[in-house]
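# Chains, contacts and geometry: an overview
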Amino acid sequence: MSDNIVKIYTGGDLMINRIKQELFQQGINCLIKDGFKQGIAAGFVGGVPSAIDLFVNDSDLEKALEIVQAITQE
């Protein structure tokens, strides 16, 4: 059985790293996609530096969204 990945949050570097840390502590793997940094590395300029996407497996979605909500409401 394979899980699909689902985007759960878009934000800046500091908040993404804070959420990632908490997800990791709860045993939830995540994927970060930073199009701005990827574009710079490829030699392109564009995108928004505060628009980093955070993804989790859909099997972890409910718990991950609870964590995101708790952190963003602090």
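See above for the structure.
Description of the structure in this document. (Residues numbered from 1 in each chain as written. Predicted model: local features only at pLDDT ≥ 70, side-chain atom pairs only at ≥ 80, totals over all residues. Heavy atoms only, no water.)

Within this structure, the stated rule accounts for two salt bridges. Among the salt bridges present, the one from D53 reaches K7, with a minimum N-O distance of 3.9 Å. Taken together, the residues span a long stretch of sequence, with D53 in strand 3 (residues 52-57) and K7 in strand 1 (residues 5-11) at a distance of 46 residues. Given the relative accessible area of 47%, K7 is considered partly exposed. The closest approach of N and O atoms between E22 and R18, which form a salt bridge, is 3.7 Å. On the criterion of helical spacing, the pair formed by E22 and R18 is a turn pair, its members being four residues apart in helix 1 (residues 13-25). (Salt bridge = Lys/Arg side-chain N within 4 Å of Asp/Glu carboxyl O. Helix = DSSP H or I, 4+ residues; strand = E, 2+ residues; numbered from the N terminus. Buried < 20%, exposed > 50% of the residue type's maximum accessible area, 1.4 Å probe, protein only.)

Let's shift gears to helix 3 (residues 61-72). Its twelve residues place the ends of helix 3 16 Å apart at the C-alpha level, agreeing with the 16 Å of an ideal helix rising 1.5 Å per residue. Contact partners of the buried residues in helix 3: strand 1, helix 1 and strand 3. (Expected span 1.5 Å × (residues − 1). Contact = heavy atoms within 4.5 Å.)

One open sheet accounts for three strands, arranged 1-3-2; its pairing is antiparallel. The open sheet has two edge strands, strand 1 and strand 2 (30-33), and neither has a second partner. Each adjacent strand pair in this sheet contributes to an overall mean axis angle of 25 degrees, direction not counted. Across six bridges, strand 1 lies against strand 3 in antiparallel orientation. (Pairing = 2+ DSSP bridges. Axes fitted to C-alpha atoms, helices over the stretch in contact; angles between N-to-C directions.)

Bringing the nonpolar core into the picture now. Counting 13 residues, the largest nonpolar core has I8, Y9, I19, L23 and L54 as its most contacted members. Every element with two or more residues in this core is listed here: strand 1, helix 1, strand 3 and helix 3. In terms of residues, this core owes the most to one element, helix 3, which gives four residues. Sequence-distant contacts of I19, that is, excluding residues within four places in its chain, are made with Y9, L54, V68 and I71. (Core = buried A, V, L, I, M, F, W, Y, C linked by side-chain atoms within 4.5 Å.)

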